[in-house]
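Secondary and tertiary structure notes
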Amino acid sequence: MSTEPLTIALYATDTMADWEYAYLTSQITVAERAKPGRFTLLLVGNGVDTVHSLGGLPVTPTADLDALDLLADRSALSMLVIPGGETYGHGHDRLIKAVRSLLARNVPVAGICGATYLLARAGVLDERAHTSNSKDFLAASGYTGGSHYVAAPVVTDSGVTTASGIQPVAFTAEVMRVTGLVSNPVADAWEHLHRTGDAEQYGAYVAAANTWAEG
């Protein structure tokens, strides 16, 4: 009897920041090559019309946001990941509703850069430790969680992961830890390699990855 892979859903929207999700999509593929059948990537959108990333790349969602509830019903949704973009200051009402619904069902949600502004608008940062591009950036949303702001590359609290737009490596590593995409030692070694740029750390990363893949 086959087991359904866990889904990591990525929200696709116009102006989605290419560098903020590219590491993650790549690492899902790398992890699946090492241990197949565990995870799958799903592009979801407000409908399935093609959108364009900040770099102008066409991105076509595979499914509508409604698919998230169906996956959650089957306990098959590992996380919803929301990349940054330039349109989160207003609208995205269906996405906000989905975020609240998933968190109520204990499904983690992660947002980076402009997506943290949307999470603030949704009210889910009012009582959680969080970070963003800056404290002032989120203050403009009118949210009431300023006292919980943490000046850090990435923060996870009560199912919500947030990060600055200039921290895609830390963000990706944290998503890997929260979802269990790879083991914590692999995520840590991968993050250290990419944050330091030290080629000597590549060996440590490969060793951790091999140990995990063979375990």
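**A few points about the nonpolar core**
- Counting 36 residues, the largest nonpolar core has V81 and V182 as the members making the most contacts within it.
- Of all the secondary structure elements, the ones that give two or more residues to this core are β1 (6-11), α1 (18-34), β2 (39-45), β6 (77-82), β7 (109-112), α6 (168-179), α7 (184-196) and α8 (201-214).
- Per-element tally for this core: the top contributor is α6, with six residues.
- Excluding residues within four positions of it along the chain, V182 makes contact with A31, M176, A187 and W212.
- Counting 35 residues, the second largest nonpolar core, distinct from the first, contains L42, V44, A72 and V160.

**A look at the sheet that holds β7**
- One open sheet holds the seven strands; their spatial order is β5-β2-β1-β6-β7-β9-β8, and the pairing between them is mixed. In this open sheet, the two edge strands, each paired with only one partner strand, are β5 (63-64) and β8 (154-157).
- Bridge analysis of β1 against β2 gives six bridges, and the strand direction is parallel. Looking at β2, one finds that L6 is bridged to F39.
- Packing against the sheet, α1 makes contact with β1, β2, β6 and β7, and its axis sits at approximately 160 degrees to β1.
- Docked against the sheet, helix α3 (residues 93-104) engages β1, β5, β6, β7 and β9 (160-163), running at close to 145 degrees with respect to β6.

Cut-offs applied
- Residues numbered from 1 in each chain as written.
- Predicted model: local features only at pLDDT ≥ 70, side-chain atom pairs only at ≥ 80, totals over all residues.
- Heavy atoms only, no water.
- Core = buried A, V, L, I, M, F, W, Y, C linked by side-chain atoms within 4.5 Å.
- Buried < 20%, exposed > 50% of the residue type's maximum accessible area, 1.4 Å probe, protein only.
- Helix = DSSP H or I, 4+ residues; strand = E, 2+ residues; numbered from the N terminus.
- Contact = heavy atoms within 4.5 Å.
- Pairing = 2+ DSSP bridges.
- Axes fitted to C-alpha atoms, helices over the stretch in contact; angles between N-to-C directions.

The values reported here are purely geometric and, on their own, carry no functional implication.
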